[in-house]
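Structural characterization, general
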Amino acid sequence: LTGFHALIYRYTGATDQIVGTPAANRQHPDTERMVGLFVNPLPLRNKIKPAAGYRENLWRVQSHVSEAVEHQHTPFEELVQEFQPFRDPSASPLFQLKFQLDRAPRDRICLPQVELVRMPREVAIARHDLSLDFVENNDGVAGQIEYCSDLYEPGFVARLADHYLQLLESAVEA
């Protein structure tokens, strides 16, 4: 996530950024055995300090994420009401950038008398201006970028992905 913030800063110069991420929102023991989607979009506001270096920004982002996760139970609609942002029906009200890191989903789940099989998701319309979605698996981390084709050209997104990988490699080496 810190790398994504650094990338956005390098492309836009914006140091104050809001990136959304899904939160599982299953803290209450009663929801653990329930079937259903309990995901809550969690807006994460971070202020990047370019002069501070990657490690300090990593610490700051990590701290902000920890604080935000403590409030993940707050309904997204309540946040929208509280902040009352300008509403554009074609955009998410609190963030247009999304970052997601998940464990690899199981392709098949067998329950008593029921077998659930994961179906591929057909993506026709981007839900946000730009989304980085990563899945952690046995081989490492795989990712994909979903983007609004009205805003970005495929070549630009390919360069953005290359720059993101370079940024992450540099951060690891530092």
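Conventions we followed
Residues numbered from 1 in each chain as written. Predicted model: local features only at pLDDT ≥ 70, side-chain atom pairs only at ≥ 80, totals over all residues. Heavy atoms only, no water. Helix = DSSP H or I, 4+ residues; strand = E, 2+ residues; numbered from the N terminus. Buried < 20%, exposed > 50% of the residue type's maximum accessible area, 1.4 Å probe, protein only. Contact = heavy atoms within 4.5 Å. Areas by Shrake-Rupley, 256 points an atom, 1.4 Å probe, with all protein chains shown as cover. Salt bridge = Lys/Arg side-chain N within 4 Å of Asp/Glu carboxyl O. Arc of directions from axis to C-beta. Core = buried A, V, L, I, M, F, W, Y, C linked by side-chain atoms within 4.5 Å. Pairing = 2+ DSSP bridges. Axes fitted to C-alpha atoms, helices over the stretch in contact; angles between N-to-C directions. Phe/Tyr/Trp six-rings, centres within 6.5 Å; stacked < 30°, edge-to-face > 60°.

Counting its regular elements, the protein chain contains 4 helices and 7 strands. Reading the helices (α) and strands (β) of the protein chain from amino to carboxyl end gives α-β-β-α-α-β-β-β-β-β-α. The buried share of the protein chain, taken over its 174 residues, is 28%. Intrachain contacts of the protein chain at a sequence separation of at least 6 include 56% that bridge at least 24 residues. When the accessible surface of the protein chain is summed, it comes to about 12,600 Å², and 52% of that surface belongs to carbon and sulfur atoms.

Right, let's talk about the pattern of salt bridges for a bit. This structure, assessed with the given rule, holds 2 salt bridges. Taking the shortest distance from any N to any O, the salt bridge between Lys 98 and Asp 133 comes out at 2.8 Å. In this pair, Lys 98 sits in strand β3 (residues 97-103) while Asp 133 sits in strand β6 (residues 130-137), placing the two residues 35 residues apart along the sequence. Residue Lys 98 is classed as buried on the basis of its relative accessible area, which comes to 14%. Owing to a relative accessible area of 13%, Asp 133 belongs among the buried residues under this scheme.

Attention now moves to helix α3 (residues 76-83). In an α-helix, one turn spans 3.6 residues, which is why side chains three or four residues apart end up on the same side. Within the span of α3, buried status applies to Phe 76, Leu 79 and Val 80. On an axial view of α3, the arc spanned by its buried residues comes to 100 degrees, and they lie on one face. Away from its buried face, by an angle of more than 90 degrees, α3 presents the exposed residues Glu 77, Gln 81 and Glu 82. The inward-facing, buried residues of α3 abut β2 (40-47).

This part is about the nonpolar core. Core analysis: the largest hydrophobic core is formed by 13 residues, its most contacted members being Phe 4, Leu 7, Leu 97, Phe 99, Leu 130, Leu 132 and Tyr 164. Only α1 (2-12), β3, β6 and α4 (154-173) provide two or more residues apiece to this core. Considering each element in turn, this core owes the most residues, 4 residues, to α1. Ignoring sequence-local partners within four residues, the contact set of Phe 4 consists of Val 19, Leu 97, Lys 98, Phe 99, Leu 130, Leu 132 and Tyr 164. With 5 residues, the next largest nonpolar core counts Phe 76, Val 80, Leu 94 and Phe 95 among its residues.

Taken in spatial order, the 5 strands make up an open sheet running β2-β1-β3-β6-β7, and their pairing is mixed. The sheet is open, and its two borders are formed by β2 and β7 (140-147), each paired with just one other strand. If you compare each strand with its neighbour and ignore which way they point, the axes differ by 25 degrees on average. With respect to the sheet, α4 is in contact with β3, β6 and β7, its orientation differing from that of β7 by roughly 150 degrees.

In this section: the packing of aromatic side chains. All told, the structure shown has 7 aromatic pairs when counted by the stated rule. Aromatic side chains Phe 76 and Phe 95 sit 6.1 Å apart centroid to centroid with 75 degrees between the ring planes, which places their arrangement in the edge-to-face category. Of the two residues, Phe 76 sits in helix α3 while Phe 95 sits in the loop between α3 and β3, which places them 19 residues apart along the sequence. Given the relative accessible area of 9%, Phe 76 is considered buried. Chaining the aromatic ring pairs together yields one cluster made of Phe 4, Phe 99, Phe 134 and Tyr 164.

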